[in-house]
Amino acid sequence: NKILSFPFKLYDLLEHSEERGYSHIVSWQKEGRSFKIHNVQEFADKVMASHFSQTKLKSFQRQLNMYGWKKVQIGPNKGGYFHSDFVRGCPE
């Protein structure tokens, strides 16, 4: 896990969030082109430390910004994070 880049770690987390018991904390949104953190505190406390080198949400958000994710401001995916090259089922 340490050799994988941030996007690959995030993809792995989202693809396996249900089987790892994280889907109520973070998951893909319905269409699979964005993801949402449903419970910020649990995400910071339970998920970040085991999947990323960050332990603060602000650091995680900086990583998202650095890789080009944008926060969805309107519509059914509001509050989620979108990147045009980050799609469920397409790890490449």
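Preceding this section is the structure that the text describes.
Residues numbered from 1 in each chain as written. Predicted model: local features only at pLDDT ≥ 70, side-chain atom pairs only at ≥ 80, totals over all residues. Heavy atoms only, no water.

## Focus on the sheet that holds strand β4 (residues 81-82)
Formally: Pairing between two strands requires that DSSP report at least two bridges joining them. Secondary structure elements follow DSSP: runs of H or I of four or more residues count as helices, runs of E of two or more count as strands, with numbering from the N terminus. Whether two residues are in contact is decided by their heavy atoms, any of which lying within 4.5 Å being enough. The axes are straight lines fitted to the C-alpha atoms, using for helices just the contacting stretch, and the angles between their N-to-C directions are given from 0 to 180°.
The antiparallel open sheet is built from four strands, whose spatial order is β1-β2-β4-β3. Both edges of this open sheet fall to β1 (26-28) and β3 (70-71), since each of them pairs with a single strand only. When strand β2 (residues 34-37) meets β4, the two strands line up antiparallel, connected through two bridges. What sits directly across from Phe35, in β4, is Tyr81. Across the sheet, helix α1 (residues 6-15) touches β1 and β2, and the angle it forms with β1 is around 90°. Sitting on the sheet, helix α3 (residues 57-66) touches β2 and β4, and the angle it makes with β2 is about 170°.

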